[in-house]
Amino acid sequence: MTGVTVHQNDTLVIGGISLKSRLFVGTGKFSSHELMPRVIQASGSQVITMALRRVDWKNPQENVLNYLPKEDVVLLPNTSGARNAEEAVRIARLAKAAGCGNWVKIEVIQDQRYLLPDNFETVKATEQLVKEGFVVLPYVSPDLGTARRLLDAGAAAVMPLGAPIGSNRGLQTKELIRILIEEISLPIIVDAGIGRPSEAAEAMEMGAAAVLVNTAIATANDPVQMANAFRLGVEAGRIAFMAGPGARHERAEASSPLTGFLREVSE
Amino acid sequence: MTGVTVHQNDTLVIGGISLKSRLFVGTGKFSSHELMPRVIQASGSQVITMALRRVDWKNPQENVLNYLPKEDVVLLPNTSGARNAEEAVRIARLAKAAGCGNWVKIEVIQDQRYLLPDNFETVKATEQLVKEGFVVLPYVSPDLGTARRLLDAGAAAVMPLGAPIGSNRGLQTKELIRILIEEISLPIIVDAGIGRPSEAAEAMEMGAAAVLVNTAIATANDPVQMANAFRLGVEAGRIAFMAGPGARHERAEASSPLTGFLREVSE
Amino acid sequence: MTGVTVHQNDTLVIGGISLKSRLFVGTGKFSSHELMPRVIQASGSQVITMALRRVDWKNPQENVLNYLPKEDVVLLPNTSGARNAEEAVRIARLAKAAGCGNWVKIEVIQDQRYLLPDNFETVKATEQLVKEGFVVLPYVSPDLGTARRLLDAGAAAVMPLGAPIGSNRGLQTKELIRILIEEISLPIIVDAGIGRPSEAAEAMEMGAAAVLVNTAIATANDPVQMANAFRLGVEAGRIAFMAGPGARHERAEASSPLTGFLREVSE
Amino acid sequence: MTGVTVHQNDTLVIGGISLKSRLFVGTGKFSSHELMPRVIQASGSQVITMALRRVDWKNPQENVLNYLPKEDVVLLPNTSGARNAEEAVRIARLAKAAGCGNWVKIEVIQDQRYLLPDNFETVKATEQLVKEGFVVLPYVSPDLGTARRLLDAGAAAVMPLGAPIGSNRGLQTKELIRILIEEISLPIIVDAGIGRPSEAAEAMEMGAAAVLVNTAIATANDPVQMANAFRLGVEAGRIAFMAGPGARHERAEASSPLTGFLREVSE
Amino acid sequence: MKIVVNGQQQPIREGLTIKQLLEEQKAAVAIAIVEHNGQILTKECWDDTILQENDTLEILILIGGG
Amino acid sequence: MKIVVNGQQQPIREGLTIKQLLEEQKAAVAIAIVEHNGQILTKECWDDTILQENDTLEILILIGGG
Amino acid sequence: MKIVVNGQQQPIREGLTIKQLLEEQKAAVAIAIVEHNGQILTKECWDDTILQENDTLEILILIGGG
Amino acid sequence: MKIVVNGQQQPIREGLTIKQLLEEQKAAVAIAIVEHNGQILTKECWDDTILQENDTLEILILIGGG
């Protein structure tokens, strides 16, 4: 992998921070805390999500922050568990006070089967948290009207789902995401559903600003190598987007010249 | 891109040669010869295709070999222009005599609109050229019976098309390629049609041994960076294949624990 | 085409009206008014959409109602032109006063490129119009939270788009529509984007209650026959849904018994 | 379902016989013989497949012909069980002698997992059986070179698979089938894999001459209604093909006029 | 005297009813509904309504739509 | 005396015709076609054909198939 | 004396500070943040806050999440 | 004297070798391989081969291809 130096200046700026990596990584579902630092290193990620929960006195868990890098990484606590804007705001404030910084991924979910976010409450929470100085990255069901309101509310990015959380089914909502990328002047970060590096690459080729991956890495047989694979896939897709892919054709376009030879005789 | 050392021992052995790169690159359609060495370097490719043609006295072209690396690369001349097995055999012998080594990509095409290969003649040519000591990589329309015959004939790999040559439309024949990978104990190398790194990654995730890319690189706005992107995409897909992707689910699987909090009260 | 009598009692009840046909037809884009009655007859449709516009004194158009059946048909005026809930409510009232009855398709659009509906304003308009006694069928971007609010507001159905209006690109949002059908106890009617009878059939096979088609019929070479084709496609899909399709399998399942014969010899 | 009379003169001529129905039906996998006549009537099919097998003295089965219509139907015995051309020829001759007429569906299969046909042996069997006066409909893996040889050999149609037999996964090989339809001047009949009426409709919209369905009907909860649904789906697709579908667009094309109103003021 | 019809200023003579306005445009028969100063006016009322200075009218037809 | 029926050796008595063999199996009516030593025999010939030592028979029916 | 901790009633002795409560559970080190009667309390304040009858506490940790 | 080069008749003078032919076209250096009357001739042989009436030559280069 001697490689070629690429896109040195291609950075994603969110909340005033320049990110070289366009792969955000979640920390749920890992079989052990010890995997996390290795996964994060392999992923090259600079934005890491985590969640708040009530302590269970009988099974006290270690603080996940102990397993995350201290430097060069932005913490992105989510508001999972929130069922409306008010709870999301409360969780965001708690996370900030707990030392997670001022970024927050808003996640407001009422649906327990598909875990689809509630766009209406998400917009409300975004409006409030932006006012309080948070860098707000809302997780949404892909919808142009919602994205417009988030832009107006001062969101730092829009994070539409590709498929239900943890489903590993990729870019099922591709058409709507494509439209968000085209129409909304905010970074569009595909969150949820991405199950393979090829799908992450495709999102980036479409012009997504980044992707957030958790389940696909955490549930792989080898999470560290899968993190590595996603790192490469996201880079591949991003570079391809910038390199300007060629047009698609219904029919064939010869790669080798088509002139026959060894047989044709002219007069 | 500090990276993680990966799959150090993951090599693809064809014709007794161990290849670290699973991206084969074609040299057609480039806007200048000067681009080729840079593209090949960026691609990391170790197998490079080229073609034989009658000289045009009025527009003599330089020998493409002058622009290809002298070391660490296997030349893979194709038999483009051949319309039947006999012509393919003749071109293979000429290419070998011209210093291209003993590898050959058999390409027998009668159809001028979709440039689809003729499997029947391809099998015949493979049988003959294997007897003559060639390392034979036949380009085929994906078909299990054809692949079985190529295996029996001693082919070194099978190279099914994903979509028509130069169409940049990806893995249209995915279902048949998947079956070839599952059923045929030869390297399956997806040739033709791959237009994006995400598609190359997907082929590798399915278990393809390698991919051959030409048009998608040559017709990109920036062929050198696109070669780089394909290098990364192929690595991403290969590593993901080895890392064992997680299962797909119809419904959601929470990444953050689902236990509510901040609101639930028990007695 | 003697046919078999089918699903005699399979009716779709909306706003207290039993519909035998599950194909709703729009009247925009036809090359002449004269086509409309023939198209509607061929479609078998019982729900017909139309729109209100300012008269153009210089090119006065005939009232479209003159070309619609007087009986056995429910008029479904849309609120196209509305950019917010207030305008939609105003148009709905005008349409009712103009003799279109009390059904209304809410259509609130701010986006001029993809004509995507604004779910937030659509929910508001639905709440108001249900209170006024309208049978409200809102056109929405497919989103579970929106559909829940429409259910709560008393909508008579939910009409998610399959693809942008007039795009003829079918069920691009299939995943989200599938979830709506599974989760929402209202008729889900796929509106916009359906371009082929096969796509209408697929929507019905998924469990959609009906589909609304306009562009695909109006822009066909032969709109009357295309209406007929959609009628058949919708019936095909509906009957298939009720007939309980068999499972999908990755591998083959023999249709003819697999026992070899003519060759096998046992002791 | 008063309907409109359609395409009265749209017949498919194969082997000199004019067929009004473009749905061929297989008789394997039914839970009882008694279902067959009802299914065939509901399907409207005029071409019915069956197979030859060694009698099992312990479980003698009734002759399937007893359950098939005596009139207005063409019998299409298949050569299932054949592993090469010679066996297929032998079975074809036996079927003809058994009173099945001179039509034959060639089916040569060596692969037991995906039941993919062997194109090479199929071409050989076709050549022989055409010489013997059979009307030959070969079941093939979709491949242009194979189809060309079948055309040259005098086949009456080409029957490519959409997906493995019995898989109910539809038009996985769509791209290759599309090319066959465009390039080969024989009826292209999609055989195997079609699992839903929408998929049958799509094949017909692409220009397929007919489809052959067995598993999807036989394994439905209600095979009679499913046969009816396929009849409608095939008609829908065929009529749509003839009615000339409108173009697909990336963006929206308004169905209702876009001129705003109720708000715009000009000077 | 001026009124605003469908967003455009238009001079009219005094004492004109809505019905008369429409008949002069020879389009009365096509009109589906009229909004007069924000109030919906069905056909029955067109004859009774005398237009006043600065009245605002929306005069609407029903057309094909999806 | 032995013959091979559908791949299996089977003892029969001498002088038996194909028709008699089928009738004894009580399946004659279902049989679609018989191949006798590689030759197709239609129903008309079953009564005339006396089985010989080592004869090979394929006795076939028509069943549902796709 | 009773307080509510994470939605469950719990008896405590009078005069207990939040810091003491956490230390007795041997989990003090893992706790990320505490909400006391709806007010966020950072670590610095745990030692100063003496729990009162019917106080409500949310005692939270940071865990893996997506 | 005439020969056929890449499918086209071409007059040449007697006694010309293949090497001379190529050099006169100023393209010798680019040529990858030559087929002479159906026999492959590598570079070493070009100087030794004198062209004869009606000889057929395929003179080939290596170009970009996929």
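Read on for an overview of the structure. (Residues numbered from 1 in each chain as written. Chains lettered and ligands numbered in written order. Predicted model: local features only at pLDDT ≥ 70, side-chain atom pairs only at ≥ 80, totals over all residues. Heavy atoms only, no water.)

**Looking at the overall build of chain E**
Counting its secondary structure elements, chain E contains two helices and five strands. The secondary structure elements of chain E, listed N-terminal to C-terminal, are β-β-α-β-β-α-β. Overall, the C-alpha framework of chain E stretches about 40 × 20 × 20 Å when taken along its three principal axes. Here chain E holds 66 residues, and 53% of them are scored as buried. Here the analysis covers contacts within chain E between residues at least 6 apart in sequence; of these, 53% occur between residues at least 24 apart. With the model as given, the accessible surface of chain E reaches about 3200 Å², and the carbon-plus-sulfur share is 46%. With 5 positive and 10 negative side-chain charges, chain E shows a separation of 8 Å between the mean positions of the two kinds. (Helix = DSSP H or I, 4+ residues; strand = E, 2+ residues; numbered from the N terminus. Buried < 20%, exposed > 50% of the residue type's maximum accessible area, 1.4 Å probe, protein only. Contact = heavy atoms within 4.5 Å. Areas by Shrake-Rupley, 256 points an atom, 1.4 Å probe, with all protein chains shown as cover. Lys, Arg positive; Asp, Glu negative; His and termini not counted. Charge placed at Lys NZ, Arg CZ, Asp CG, Glu CD.)

**Side note on the relation of the copies chain B and chain D**
For these two chain copies, the linking operation is a rotation about an axis paired with a shift along it. Note on the identical chains: chain B maps onto chain D by a rotation of 180° and an axial translation of 0.0 Å, with an RMSD of 0.0 Å. This pairing of chains is accounted for by a two-fold axis. The C-alpha atom lying nearest the rotation axis in chain B is that of Thr-173 of chain B; the distance is 3.0 Å. The residues that chain B uses at the interface reappear at the interface of chain D in 100% of cases, marking a shared surface. (Least-squares fit on C-alpha atoms with pLDDT ≥ 70 in both.)

**Considering the interface of chain B and chain D**
Across the contact, 27 residues belong to chain B and 27 residues belong to chain D. For the pair chain B and chain D, the summed buried surface comes to about 2500 Å²; carbon and sulfur atoms form 53% of the total. Applying the counting rule to chain B against chain D returns 10 salt bridges. For the side of chain B that touches chain D, the secondary structure elements donating two or more residues are helix H3 (119–131), helix H4 (144–153) and helix H5 (174–183) of chain B. When residues in the side of chain B that touches chain D are grouped by element, the largest group, six residues, is from H5 of chain B. (Buried area = accessible area lost by both parts, 1.4 Å probe. Salt bridge = Lys/Arg side-chain N within 4 Å of Asp/Glu carboxyl O.)

**Re the pattern of salt bridges**
Oppositely charged side chains can form a pair if their charged atoms are brought close together. Using the criterion set out here, one finds 88 salt bridges over all chains in the structure. Asp-10 of chain C is paired through a salt bridge with Arg-22 of chain C; the nearest N and O atoms lie 3.1 Å apart. Here Asp-10 of chain C is found in the segment before strand E1 (12–14), whereas its partner Arg-22 of chain C is found in the loop between strand E2 (17–19) and strand E3 (23–26), with 12 residues between them in sequence. By the burial criterion, Asp-10 of chain C is buried, and Arg-22 of chain C matches it. In this structure, Glu-235 of chain D and Arg-231 of chain D form a salt bridge, with 3.9 Å as the shortest nitrogen-oxygen distance. Of this pair, Glu-235 of chain D and Arg-231 of chain D both sit in helix H8 (residues 223–243), separated by four residues, roughly a single helical turn. On the accessibility criterion, Glu-235 of chain D (13% relative accessible area) is buried. Salt bridges here are not isolated pairs; linked through shared partners, they connect Arg-113 and Arg-169 of chain A, Glu-250 and Arg-251 of chain B together with Arg-148, Glu-175, Arg-178, Glu-182 and Glu-183 of chain C.

**Digging into the pairing of strand E3 (residues 23–26) of chain B**
All names here are of chain B. Where burial is concerned, the two faces of E3 agree: the one with Leu-23 and Val-25 and the one with Phe-24 and Gly-26 are both buried. Examined bridge by bridge, E3 and strand E10 (residues 210–213) share three bridges and lie parallel to one another. Within the sheet, the bridge partner assigned to Phe-24 lies in E10 and is Leu-212. The sheet contact formed by E3 and strand E4 (residues 47–54) spans three bridges and is parallel. The residue bridging Phe-24 from the neighbouring strand is Val-47, located in E4. (Pairing = 2+ DSSP bridges.)

**Notes on the interface of chain D and chain C**
Chain D puts 79 residues into the contact, and the matching count from chain C is 78 residues. Summing both partners gives a buried area of about 7000 Å² for chain D against chain C, and 54% of it is carried by carbon and sulfur. Counting the surface chain D buries against chain C, the share from its top three residues, Arg-248, Phe-261 and Leu-262 of chain D, is 10%. Along the contact surface separating chain D from chain C lie two salt bridges. The closest approach of N and O atoms between Arg-248 of chain D and Glu-199 of chain C, which form a salt bridge, is 3.4 Å. Counting across the chain D and chain C interface gives 30 residue pairs in polar contact (both at pLDDT 80 or more). The set of elements that each furnish at least two residues to the side of chain D that touches chain C consists of helix H1 (35–43), strand E4 (47–54), helix H2 (85–100), helix H6 (197–205) and H8 of chain D. (Polar contact = N/O pair within 3.5 Å; in protein donor to acceptor, adjacent residues only side chain to side chain.)

**Comments concerning the environment of Ala-157 of chain A**
Residues and elements named next belong to chain A. Tracing the sequence through the fold places Ala-157 in the loop between helix H4 (144–153) and strand E8 (159–160). Each C-alpha atom of the pair Ala-157 and Ile-189 lies 7.0 Å from the other, and the pair is 32 residues apart in sequence. In contact with Ala-157, not counting residues within four places along its chain, are Ile-14, Val-136, Leu-137, Pro-138, Leu-186, Pro-187 and Ile-189.

None of the figures reported here should be taken as evidence of function without further support.
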